[in-house]
Amino acid sequence: METVERNDIVRRRLEVRGIVQGVGFRPFVYRLARDLALDGWVRNDAAGVTIEVQGEAARIECLARSLRDQAPTLARVDSLALRECAPERAGSGFVILESGHGRAATAIGPDSAICGDCLREMLDPGDRRYRYAFTNCTNCGPRYTITRRLPYDRAMTSMAAFAQCAPCLAEYRSPLDRRFHAEPNACPECGPQLAFLDARGQRISDIDAIAETVVRLQRGDIVALKGLGGFHLACDARNDGAVARLRARKAREEKPFAVMVANVASAQTWVEITPAERTLTESVERGIVLLRKRSASDRMLAGVAPGLAWLGVMLPYTPLHYLLFHEAAGRPVGTGWLHAAHDLVLVMTSANPGGEPLVTRNDEAITRLAGIADAFLVHDRDIVVGCDDSVLRAVPGAGATGFQFVRRARGYTPRAIKLAAAGPPVVALGGYFKNTVCVTRGDEAFVSQHIGDLDNAPTCHALDDAVAHLVSILDVEPRIVAHDLHPDFYSTRHAARLAAKWGVPTRPVQHHHAHIAAVVAEHRLQGAVLGLALDGVGLGNDGGAWGGELLYVDGAHCERLGRLRPMRLPGGDRAAREPWRMGAAALSLAGRDDEIGQRYADEAAAPAVRDMLARRFNAPETSSMGRWFDAAAGLLDLKRRMAFEGQAAMLLEGIAERYGPVPADPSLYAIIRGNELDLTPLLMRLAGEHDAGHGAALFHATLVDALAAWVARTAVELGVTTVAGGGGCFLNAILARGLHAALRQRSLTLFQAHAVPPNDGGLALGQAWVAQNDFIGVH
C-alpha cells in the first residue's frame, strides 16, 4: 500500500461503471477501504457499484487509483466518477450493503474458465469440494449463462433454486473470502449434482457419473455433456469409428470438428502453437483456437478436420471437463499432472442437430439428441442463456486483442464494445447467416452470442429470445430498429414487428455497408474511409448480388466506388454450392465455353450449364469474392460439391498454406472500365495448372496483389489513407495478413474486425452504428 499524507477528513461518493458485478469487486473495495482506514460503504446497484468513503483526502485518492489499477482479474472499469458528500460521524467502519435497484446501466461479465485456486481445491482429496463439478468463486465460473436479470445477485440467477449450506453461506457472507457473494457458490452438500443417463434418458444409479462417462467415451460411445452454455456431443477423437458415427448421426458429413485436450502439452502432439496462440488458448475465455496442424493430426485424427490446414483446439474450462481428464489420468493427486501431455483427445461439437439452436435443457436433450447420443451426462443447474463456444485465431498485428473471431459467443458475450460517441438505444437484427443481434446503450454496443442461420423456426425463435433478453437485461427503450436491406429475411420481418410494437422507425442498412461500419465502429474511426467488402453474397442497392465491393463510407452515407468483375451463377444459388459450376462460369467469362463440356464431362449437368451461360438464362450475375474463390477451387478440381458453406475456399487456403508462398503475377489481373477488378486471366492460368498446391498459392498471392493495387488506386483518387476491410473472406488468413502488409507498403492503413467476426456475425454491430449515426445526423 502506498504512503499517504494526513489531510482534513472528507467524504466522497464513487460511482464505478463497467463489468463490476459478480467479479469480486465489492470485497476488493472492502479490503482496500479497511487497509486505508476509511469509513463508509459499498453496494451493487443497477448502474454498477457505488461507494461512499470518508477519511483523509489522500487516502481516498489512493483508493480511487487502486480501483482502476488493481481491479480483480475479471473486472473491467469503464468509468469512475467522484462526487463530494457531507461528512458523517467518523469511526463507523466500512460495510457492504445490500444491492440497490433502478434502471440498469451496468453489465454482466461473461462466463470464464475455472481459476487455479478452485482447480487446486477440486483436485485435493482433503478438500470438501474434491471432485465437485460445480466448484467456482468470484474469480471464475458461470455468469451470463445463468443470469435472468440485473442486478447480478443469486436470486436473479438459476442458482436461486439451491439454498447454501452453513459452510457455503459463511464463505458467501465473508468479505475476506474469495467466495464472498460468488452467486454460483455451492458444494456437494447443497449445490447442483451430476447424473448419468442411458440412451433412453433413464438415470443409471449407484455409479460414479464421471467415471462412467470416461469408460463410455473410451469404448467409442457418443456422450452428450451438459456444459456452461449448452450441451456438447463428445467422442474419442482418436477412434475413427466413433468420429464416423458422430458425423453420420449428426448429418455433418465433412464440416470440421473441434477437439478438447488436457493442456497445451497435449495439444502440441497434434498442432503447432506459437506463444501468442498459447496465451489465447489458455486465456480465461477458453474459446476454440484454430491452430496449424502437424502431420500426426491428419494421420491419427483423420476424420476430425479432413483436408484443412487448421484444427480447432480448446482446453477444459469447466470443473466437469477437468474431471473427465483427471479420471482418464487415473485420478492423480494435485495439479502437477496438468503439466504433462495426456493421450485423451475428445471431439467436442455443439449439440445443435439440424443446424438448430444449441440444446440447453435436460428434457430437450433426451428428445432432440435421441438417436445421436448413446448416453447423457447432465446436471440440475438450469442454463438461462444458451451460448456456444467462441472460435478464434491468433492474428499478428491485431491490435490489443491479438486475435480474430470466427464466432463470438461464450467467454466474450455480453462484453460491451465501446463506441466513439453516445447515441440513442438501437436494436439491430443482423442478417440471415451466422445471425447475431446488437443492442446499444449510450456509447456501448452489446452484441449477442452467435445465434445461427435463420433457415429454421427454432433459430428464428432464438433470435426473438436473444433480443428480448438483451433489451430486458440492459433495461433500454429502443428508439430505432436496424436490419438488412433484404426484405425476405426473417430478421427484417421481425424488425418491422418490433418497430411497430415499440412505435419506433426502422432503418434498413445495405449488407456491405454494415460490414464496413462494424469495423469503423469497433476502431472508433473518424471521418470517411475506403471500405473493401469481400464476402459470399449480400443484396445490393441495385437489387443485385454483391460481394466484392469498394465503398466510400462516411457515417450513415455509403457510396459504391467499384466492384469485382461480375460472374454468372449458372443454376442460381446451386452454383454457390457446386464449385465446378463456377469454374464453368469462369471459362464462359473468358470466352472458352467450348471447354466446359470436356473439362466437366463427368457432370451430367455440364451441357445445361453451358447453355445457361451462353443464353444468360437462370444465370444471374454476382460480384461476389466468394464465388471467385469457388471458381478457383472448381478449376483446380479441389471440390465439385461443397458439404458446408465456404468449404471450397477453406480447402483452397489449406493447400496454399501447405505449399508455401509464391510470387504474385501482376499480368494476371486488370482494372477495367467502371473501376472493376478483373481476375479472369488469373483463373485461366489456373485452368491450365497441373499442380493444385502451386495453383492455390498463386491464386492467393496474385489476389492480394490485385486487391492492393485496386484499393491503392482508388484511395489516391479519393484522397484517403484509411481502409476498412470486412466480410467473410477476411477470415482467410493468407488474404488478411497479405493485404495488411501490401497496403502498408502503399502507405495505407487497413483496419479489420477483431471485436466481432468479419463475417455476417458482425453485421448487427455495423447496422446499429449506421442507425445511430443516421439518427444523430437527422437530430
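About the thresholds
Residues numbered from 1 in each chain as written. Predicted model: local features only at pLDDT ≥ 70, side-chain atom pairs only at ≥ 80, totals over all residues. Heavy atoms only, no water. Helix = DSSP H or I, 4+ residues; strand = E, 2+ residues; numbered from the N terminus. Polar contact = N/O pair within 3.5 Å; in protein donor to acceptor, adjacent residues only side chain to side chain. Buried < 20%, exposed > 50% of the residue type's maximum accessible area, 1.4 Å probe, protein only. Contact = heavy atoms within 4.5 Å. Salt bridge = Lys/Arg side-chain N within 4 Å of Asp/Glu carboxyl O. Core = buried A, V, L, I, M, F, W, Y, C linked by side-chain atoms within 4.5 Å. Axes fitted to C-alpha atoms, helices over the stretch in contact; angles between N-to-C directions. Left-handed = near helix turned anticlockwise from the far one by under 90°. Pairing = 2+ DSSP bridges. pLDDT = per-residue confidence, 0-100. Parallel < 35°, antiparallel > 145°, perpendicular 65-115°, else oblique. Nonpolar A, V, L, I, M, F, W, Y, C, P; charged D, E, K, R; others polar. Phe/Tyr/Trp six-rings, centres within 6.5 Å; stacked < 30°, edge-to-face > 60°. Lys NZ or Arg CZ within 6 Å of the ring centre and 35° of its normal. Disulfide = S-S within 2.5 Å. Expected span 1.5 Å × (residues − 1).

A. Just the side chain of His754, in detail. As for its position among the elements, His754 is in the loop between strand E29 (749-752) and helix H23 (763-778). Here Phe403 takes part through its backbone oxygen, which lies 3.0 Å from a polar atom of the side chain of His754.

B. Quick peek at helix H5 (residues 209-218). Burial runs high along H5: 7 of the 10 residues are buried. By the burial criterion, the buried members of H5 are Ala209, Ile210, Ala211, Thr213, Val214, Arg216 and Leu217. In this structure, the buried residues of H5 make contact with strand E6 (194-198), strand E7 (223-226), strand E8 (231-236), helix H10 (319-328), strand E12 (346-350) and strand E13 (375-379). If you check the start of H5, you find a side-chain oxygen 3.1 Å away from the backbone N of Ile210, and it comes from Asp208.

C. The arrangement of the pattern of salt bridges in detail. According to the stated counting rule, one finds 58 salt bridges in the structure shown. The salt bridge involving Glu171 is made with Arg128; its shortest N-O contact spans 3.2 Å. Residue Glu171 is found in helix H4 (residues 166-173), and its partner Arg128 is found in the loop between helix H3 (116-122) and H4; the two are separated by 43 residues along the sequence. A relative accessible area of 13% means that Glu171 is categorised as buried.

D. A look at the nonpolar core. If you look at the biggest cluster of nonpolar residues, it comprises 77 residues, and the most contacted ones within it are Leu194, Leu377, Leu429, Val437, Leu463 and Val467. In terms of residues, this core owes the most to one element, helix H12 (residues 457-474), which gives 8 residues. Excluding anything up to four places from it in sequence, Leu194 contacts Ala133, Phe134, Arg203, Ala209, Ile210, Leu320, Leu377, Val378 and His379. Grouped together as the second largest cluster of nonpolar side chains are 64 residues, Met567, Ala586, Ala712 and Ile734 included.

E. Quick look at unusual backbone geometry. Note the cis peptide between Thr413 and Pro414, where omega equals 10 degrees. In this structure, Pro414 sits in the loop between strand E15 (403-407) and strand E16 (417-423). For Ala251, which is not a glycine, the phi torsion comes out positive at approximately 55 degrees. Take Ala251: it is sitting in the loop between helix H6 (240-250) and strand E9 (258-260). Of the residues examined, Ala251 reaches a relative accessible area of 68% and is grouped as exposed. Residues other than glycine seldom take positive phi values, yet Lys434 does so here, at roughly 50 degrees. Among the secondary structure elements, Lys434 is positioned in the loop between strand E17 (426-428) and strand E18 (438-447). Lys434 sits in the partly exposed class, given a relative accessible area of 24%.

F. Representation of the packing of helix H15 (residues 579-589) against helix H20 (residues 680-687) within the structure. Here H15 crosses H20 at 115 degrees, and the two axes come no closer than 10 Å. Judged by the sense of rotation from one axis to the other, the crossing of H15 with H20 is left-handed. Every residue of H20 that contacts H15 at Ala586, Leu587 and Leu589 is listed here: Thr680, Leu683, Met684 and Ala687.

G. Representation of the pairing of strand E11 (residues 310-314). Most of E11 is tucked away, with 5 of its 5 residues classed as buried. Side chains Trp310, Gly312 and Met314 project from E11 onto one buried face, and the interleaved Leu311 and Val313 project onto a second face that is buried too. Here E9 runs beside E11; their pairing, made up of 3 bridges, is parallel. The residue bridging Val259 from the neighbouring strand is Val313, located in E11. In the sheet, strand E10 (residues 288-292) pairs with E11 via 4 bridges, with the strands oriented antiparallel. Counterpart to Leu291 in the pairing with E11 is Leu311.

H. Representation of the sheet that holds E7. Strand order in the open sheet formed by 10 strands is E6-E13-E7-E8-E12-E9-E11-E10-E14-E15, and the pairing between neighbours is mixed. The open sheet has two free edges, formed respectively by E6 and E15, since each of these has just one partner strand. Averaged over all pairs of adjacent strands, the angle between their axes in this sheet comes to 35 degrees, without regard to strand direction. The sheet contacts of H5 involve E6, E7, E8, E12 and E13, and relative to E6 the element is tilted by about 40 degrees. Set on the sheet, H10 makes contact with E6, E7, E8, E9, E12 and E13; between it and E12 the angle comes to about 155 degrees.

I. A look at the confidence of the model for the protein. Counting all residues, the mean pLDDT for the protein is 94, and 97% of those residues have values of 70 or more. Low pLDDT, under 50, characterises residues 1-6; the predicted model gives this stretch 12 contacts beyond four residues in sequence or across chains.

J. Main features of the packing of helix H18 (residues 625-635) against H20. For the pair H18 and H20, interaxial distance at closest approach is 8 Å and the crossing angle is 20 degrees. The orientation of H18 with respect to H20, classified from their angle, is roughly parallel. For the pair H18 and H20, the sense of crossing is right-handed. Facing Trp628, Ala631, Ala632 and Leu635 of H18, the residues of H20 in contact are Thr680, Leu683, Met684, Leu686 and Ala687. The class makeup of the residues in the contact of H18 with H20 is 8 nonpolar, 1 polar and no charged.

K. How the structure looks around the sheet that holds strand E3 (residues 48-56). Taken in spatial order, the 5 strands make up an open sheet running E4-E1-E3-E2-E5, and their pairing is mixed. Single-partner strands in this sheet number two, and they are strand E4 (76-85) and strand E5 (94-96). On average, adjacent strands in this sheet sit at an angle of 15 degrees to one another, irrespective of strand direction. Strand direction decides the pairing type here: strand E1 (residues 9-19) and E3, joined by 8 bridges, are antiparallel. Following the sheet pairing, Val10 is matched in E3 by Gly55. Running over the sheet, helix H1 (residues 25-35) touches E1, strand E2 (39-45), E3, E4 and E5 and is turned about 175 degrees from E5. Against the sheet, helix H2 (residues 57-69) contacts E1, E3 and E4, and its axis sits at roughly 150 degrees relative to E3.

L. Examining the packing of aromatic side chains more closely. Counting across every chain of the model gives 10 aromatic pairs. Among the aromatic residues, those joined into a cluster by ring pairs are Phe403, Phe405 and Tyr412. Over the aromatic face of Phe257 sits the side chain of Arg247, whose NZ or CZ is 4.2 Å from the ring centroid. The ring of Trp310 has Arg393 lying over it, and the distance from NZ or CZ to the ring centre is 4.5 Å.

M. Just the state of the cysteines, in detail. Enumeration according to the criterion identifies 0 disulfides in this entry. There is no disulfide at Cys62, and the cysteine sulfur nearest it, in Cys85, is 19 Å away. This cysteine, Cys187, is not joined by any disulfide, and Cys165 carries the nearest cysteine sulfur, 3.6 Å off. Residue Cys187 is classed as buried on the basis of its relative accessible area of 1%.

N. The environment of Thr749, seen in detail. Position of Thr749 among the secondary structure elements: in strand E29. On the basis of relative accessible area, Thr749 is assigned to the partly exposed category, the value being 42%. Taking the C-alpha atoms as reference, Thr749 lies 43 Å from Ile60; in sequence the two are 689 residues apart. Contacts of Thr749, omitting those with residues within four sequence positions, involve Thr721, Thr722 and Val723.

O. Main features of helix H21 (residues 692-718). Compared with an ideal rise of 1.5 Å per residue, which puts 27 residues at 39 Å, H21 spans 38 Å between its outermost C-alpha atoms and is within 8% of the ideal. N-capping of H21 is provided by Asp691, with a side-chain oxygen placed 3.0 Å from the backbone N of Gly693. Looking one or two residues past H21, Gly719 carries a phi angle of roughly 80 degrees, positive in sign.

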